[in-house]
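Working through the structure, step by step
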Amino acid sequence: VQGYLYINKLFLIEKRIREKHKSADAVRNARIKKERPVLDAFFAWLDRQKPVKGSRFDKAVIYIRNRKPYLLTYLEDGRCSLSNNLTEQGYKSFVIGRKNWLFSD
């Protein structure tokens, strides 16, 4: 539950930043000031976790630890998004349609 709360807090901060700041530089600066401490706290919390080896939680902890540098890259560019949901939504219609178009010759 604690990890979930950190992620929700990041999305809330991101929403407020996007509403207030329009330029990429202003977004980047606001992210570093407001979101970086939340991410640092999240990773500190994650480092304190001692999950049972092989459990789903263990796999999740390993997954996020291995991807930490990639997660933090969105802080460097205000044009980037915290989530890739919009991109995935854009591809969804094509992926769904691909099966329907298979025999459309």
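Along every chain, residues carry numbers that run from 1 in the direction the sequence is written. Residue-level local features of this predicted model are given only where pLDDT is at least 70; pairs of side-chain atoms are given and counted only at 80 or more, and the full residue set underlies all totals for whole chains, interfaces and linings. Excluded from the side-chain calculations are hydrogens and water; all other atoms, namely the structure's heavy atoms, are used.

Let us look at the environment of leucine 102. Each helix is a run of DSSP H or I of at least 4 residues and each strand a run of E of at least 2, with the numbering of both proceeding from the N terminus. Along the chain, leucine 102 falls in the segment after helix 5 (85–101). For the pair formed by leucine 102 and leucine 75, sequence separation is 27 residues and the distance between their alpha carbons is 41 Å.

Below, the discussion takes up the confidence of the model for the chain. Note: pLDDT gives the predictor's confidence per residue, expressed from 0 to 100. Per-residue confidence for the chain gives a mean pLDDT of 90, with 97% of residues at or over 70. Highest mean pLDDT in the chain belongs to helix 2 (residues 24–48) (96); lowest belongs to helix 5 (76).

So, on to the environment of lysine 53. When you line up the elements, lysine 53 lands in the loop between helix 2 and helix 3 (56–66). In this structure lysine 53 comes out as exposed when scored by relative accessible area, which is 74%. Lysine 53 sits 29 residues away from leucine 82 along the chain, and the two C-alpha atoms are 30 Å apart. Remark: exposure states derive from per-residue accessible area (1.4 Å probe, protein chains only) relative to the maximum for the residue type, with buried under 20%, exposed over 50%, and partly exposed in between.

Opposite charge on two side chains allows them to pair when their charged atoms are near. Salt bridge, as used here: a side-chain nitrogen of Lys or Arg that lies within 4 Å of a carboxyl oxygen of Asp or Glu. Evaluated as defined, the whole model comprises 6 salt bridges. Ionic pairing is found between arginine 18 and glutamate 14, a salt bridge with its closest N-O pair at 3.2 Å. Linking arginine 18 with glutamate 14, this pair stays in helix 1 (residues 2–20), spanning 4 residues, or about one helical turn. Overall, glutamate 14 belongs to the buried group, its relative accessible area being 7%. When the shortest N-O distance is used, the salt bridge between arginine 79 and aspartate 77 registers 2.8 Å. Residue class for arginine 79 comes out exposed when judged on its relative accessible area of 67%. Overall, the relative accessible area of 22% leaves aspartate 77 in the partly exposed class. In this structure, a network of salt bridges that share partners links the residues Glu14, Arg18 and Arg31.

Before going further, it helps to spend a moment on the nonpolar core. Across soluble globular proteins, nonpolar side chains have a tendency to be buried as a group. Ranked by internal contacts, the top residues of the largest apolar core, which has 18 residues, are Leu10, Leu39, Phe42, Phe43, Leu46 and Tyr74. Breaking this core down by element, the ones donating at least two residues are helix 1, helix 2 and helix 3. In terms of residue count, helix 2 provides more of this core than any other element does, 8 residues in total. Excluding its chain neighbours within four sequence positions, the residues that come into contact with leucine 39 are Leu10, Leu71, Leu72, Tyr74 and Leu75. In this text, buried Ala, Val, Leu, Ile, Met, Phe, Trp, Tyr and Cys residues form a nonpolar core when linked through side-chain atoms within 4.5 Å. Residues count as neighbours in contact if any of their non-hydrogen atoms are within 4.5 Å of one another.

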